[in-house]
Amino acid sequence: MADIRNNFVGIKSPNPFWLASAPPTDKAYNVERAFKAGWGGVVWKTLGEEGPPVVNVNGPRYGAIWGADRRLLGLNNIELITDRDLQVNLREIKQVKKDWPDRAIVVSLMVPCVEDAWKAILPVVEDTEADGIELNFGCPHGMSERGMGAAVGQVPEYIEMVVRWCKQNTRMPVITKLTPNITDVRKPARAALAGGTDAVSLINTINSITGVDLDSFAPQPTIDGKGSHGGYCGPAVKPIAMNMVAEIARDPETHGLPISGIGGITTWRDAAEFMALGAGNVQVCTAAMTYGFKIVQEMIAGLENWMDEKGHASLSDIIGRATPNVTDWQYLNLNYVAKARIDQDACIKCGRCHIACEDTSHQAITAMVNGARHFEVIEAECVGCNLCVNVCPVEGCITMEPLTAGAMDQRTGKPVSPVYANWTTHPNNPMAKVAAE
């Protein structure tokens, strides 16, 4: 059986599945239920400084995007950090850690960007014997207008400064949570590393408005006729999150920096993909809010079964395995040629491939052959774009088949070259240079 025990910056947990800082981790009741269901760790919902609790709205806090079958694809929230008293949270964290010593408990923090505020909260969190802290530099709404959350995460100099304050004033590992609401996520990651962070976690939620009520003309969710931008999460953000994780994992300046992957993780496969791109573990929120805490049992079983099937003995066998295969467009092999192939036995003759290709692509799929309805690839027109594969409703019916070196490409009339070549050396590139070895 594969060993899925996780050691993330010295924080140990029985599996790599943590609940992200969010409503599911707001109190002991939730966290204990999560641990009983099998979650390896939690990031406790973000705590603020001592004083009057944060005030949340008392109406709808969530908006949604659904698929055609009403499956939740994206969730927008306008909730703020915990509105529970700091001391109550601290007592509960301490008790839960005592009762569940083998599970990871990391505490998310957000206080004003003032050194004394961080100095004040760090020792009281440390006293709970929590395993680490996560600096919430990602929350895009409500708190950012107060100079916290994404307002810090969008300024690398602030990130480096606050991380350094924390590293100087606590023994606990520091995880820096990054906002995706930025042009280049590598810059805040580099700043966090310069400040001494032990790890980064990403992504936090994306600024969004998920819908408008066309009767009231108010954004949703609607509070007394008005709406606000919120944080977008769920399966729809997974591609954005994976790209940002990969960017940090392959950046020469942050290569090797531990990453906790977040963003739309719903299945074991999602988790494996994040880890293959460089994440040391993963954090989950929307999936738990949609399907309940027991979804982790499917994630654990699925990951273990896949690892056993593939011969992966431990998580270290898969973490970062895909990172070297992520490259910039300019280094893709321009001499690689693939063509679509349609399995006629599997084809249900719906015609979607033909319509997509005929109307929006390269007119490379027939609709009729010898007076009969028949869908077949016209190799002389096919550029191998993969659109037909993606619109076909039958899995495996259409595949992309690479041409072997020396085979004739009917579209160009030239044989496929066995030599790797990319845009940096292409004769049409006005800035062509010798490709790096």
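Residues numbered from 1 in each chain as written. Predicted model: local features only at pLDDT ≥ 70, side-chain atom pairs only at ≥ 80, totals over all residues. Heavy atoms only, no water.

It is worth spelling out helix 2 (residues 86-99) at this point. For helix 2, built from 14 residues, the straight-helix expectation of 20 Å at 1.5 Å per residue is met to within 8% by its first-to-last C-alpha distance of 20 Å. Of the positions making up helix 2, those classed as buried are Leu86, Asn89, Leu90, Ile93, Val96 and Lys97. With its buried residues spanning 135° around the axis, helix 2 presents them on a single face. Opposite the packed face of helix 2, turned more than 90 degrees from it, sit the exposed residues Arg91 and Lys98. At its buried positions, helix 2 is contacted by helix 1 (28-37), strand 4 (41-47), strand 7 (104-109) and helix 3 (115-126). The backbone nitrogen of Gln87 lies 3.0 Å from a side-chain oxygen of the residue at the head of helix 2, namely Asp85. (Helix = DSSP H or I, 4+ residues; strand = E, 2+ residues; numbered from the N terminus. Expected span 1.5 Å × (residues − 1). Buried < 20%, exposed > 50% of the residue type's maximum accessible area, 1.4 Å probe, protein only. Arc of directions from axis to C-beta. Contact = heavy atoms within 4.5 Å. Polar contact = N/O pair within 3.5 Å; in protein donor to acceptor, adjacent residues only side chain to side chain.)

Glancing now at the pattern of salt bridges. One pass over the structure, following the stated rule, counts 20 salt bridges. Taking the shortest distance from any N to any O, the salt bridge between Asp131 and Lys97 comes out at 2.8 Å. Taken together, the residues Asp131 in the loop between helix 3 and strand 8 (132-136) and Lys97 in helix 2 connect sequence positions 34 residues apart. Given a relative accessible area of 11%, Lys97 falls into the buried group. (Salt bridge = Lys/Arg side-chain N within 4 Å of Asp/Glu carboxyl O.)

What follows concerns empty space enclosed by the protein. Leftover empty space is mapped by rolling, across the atoms, a probe with the size of a water molecule. Under the criterion given, the structure shown has 4 cavities of 30 Å³ or more. Computed from the structure, the largest cavity encloses a volume of approximately 450 Å³. Around the largest cavity, the lining comprises 35 residues; the ones closest to its centre are Ser21, Ala22, Asn77, Asn204 and Thr205. For the lining of the largest cavity, the elements supplying multiple residues, two or more each, are strand 4, strand 6 (72-77), strand 14 (230-233), strand 16 (281-284) and helix 9 (286-291). At 3 residues, the largest contribution of residues to the lining of the largest cavity is made by helix 9. Empty space within the second largest cavity amounts to approximately 110 Å³. In terms of lining, the second largest cavity is formed by 15 residues, of which the most central are Cys357, Ala364, Cys382, Cys385 and Cys388. (1 Å grid on protein atoms, 1.4 Å probe; cavity = no way out; pocket = protein on both sides within 12 Å on 5 of 7 lines; lining within 4 Å. Points joined across faces, edges and corners; volume = space filled by probe spheres on them.)

This part covers the nonpolar core. One finds Phe17, Trp39, Leu109, Trp118, Ile133, Leu202 and Leu303 to be the most contacted residues of the largest nonpolar core, which totals 79 residues. Counting residues per element, this core draws most heavily on helix 7 (residues 238-250), at 7 residues. Sequence-distant contacts of Phe17, that is, excluding residues within four places in its chain, are made with Trp39, Gly40, Gly41, Ala271, Val282, Val296, Met299, Ile300 and Leu303. Ile342, Ala364, Val377 and Cys382 belong to the second-largest nonpolar core, a separate cluster that totals 14 residues. (Core = buried A, V, L, I, M, F, W, Y, C linked by side-chain atoms within 4.5 Å.)

This paragraph deals with the sheet that holds strand 14. Here 4 strands make up an open sheet; going across it, the order is 5-6-14-11 and the pairing antiparallel. Two strands in the sheet have a free side with no partner beyond their single neighbour: strand 5 (62-66) and strand 11 (206-208). Along the sheet, successive strands turn relative to each other by an average axial angle of 35°, direction set aside. Note: strand 5 against strand 6, 5 bridges, orientation antiparallel. Bridge pairing in strand 6 links Ile65 to Gly74. (Pairing = 2+ DSSP bridges. Axes fitted to C-alpha atoms, helices over the stretch in contact; angles between N-to-C directions.)

A surface patch of nonpolar side chains, about 450 Å² in accessible area, is lined by Ile209, Val212, Leu214 and Phe217. Tracing the backbone shows Leu214 in the loop between strand 12 (211-213) and strand 13 (218-220). (Patch = residues over 30% accessible without salt bridge, like charges linked within 9 Å, V, L, I, M, F, W, Y side chains within 5 Å. Areas by Shrake-Rupley, 256 points an atom, 1.4 Å probe, with all protein chains shown as cover.)

To continue, consider the side chain of Ser260. Checked against the element boundaries, Ser260 lands in strand 15 (residues 259-262). Of the polar contacts made by the side chain of Ser260, one reaches the side chain of Asn281; its length is 2.7 Å.

Another aspect to go through is the packing of aromatic side chains. The final tally for this structure, using the stated rule, is 3 aromatic pairs. Measuring from ring centre to ring centre gives 6.0 Å for Phe8 and Trp18, while their planes differ by 85°; the resulting arrangement is edge-to-face. One end of the pair, Phe8, is in strand 1 (residues 6-8); the other, Trp18, is in strand 3 (residues 17-19), and 10 residues separate them in sequence. Each member of the pair, Phe8 as well as Trp18, is classed as buried. The residue whose ring lies beneath Arg70 is Trp66, and the NZ or CZ to ring-centre distance is 3.9 Å. (Phe/Tyr/Trp six-rings, centres within 6.5 Å; stacked < 30°, edge-to-face > 60°. Lys NZ or Arg CZ within 6 Å of the ring centre and 35° of its normal.)

Here the focus is the environment of Gln220. Mapped onto the elements, Gln220 comes out in strand 13. For Gln220, a relative accessible area of 34% corresponds to the partly exposed category. Sequence separation of Gln220 and Asn76 is 144 residues, and the distance between their C-alpha atoms is 9.0 Å. Aside from chain neighbours lying at most four places away, what touches Gln220 is Thr210, Gly211, Val212 and Asp213.

Pairing of strand 6 with strand 14 involves 3 bridges; the strand directions are antiparallel. Following the sheet pairing, Asn76 is matched in strand 14 by Tyr232.

The subject of this paragraph is the sheet that holds strand 15. A barrel is described by the order of its strands in space; here 8 strands give the closed sequence 3-4-7-8-9-10-15-16, paired in parallel fashion. On average, each strand axis in the sheet is inclined to that of its neighbour by 25°, with strand direction left out of account. Relative to strand 8, strand 7 runs parallel, the two sharing 4 bridges. Residue pairing in the sheet places Ser108 in a bridge with Glu134 of strand 8. Most of the contacts of helix 2 go to strand 4, to which it runs at about 170°, and overall it touches strand 4 and strand 7.

Locating Arg84 in the fold gives a position in the loop between strand 6 and helix 2. A distance of 2.8 Å separates a polar atom in the side chain of Arg84 from a polar atom in the side chain of Asn89. For Arg84, the residues in contact, after removing those within four places along its chain, are Asp26, Lys27, Asn89 and Glu92.

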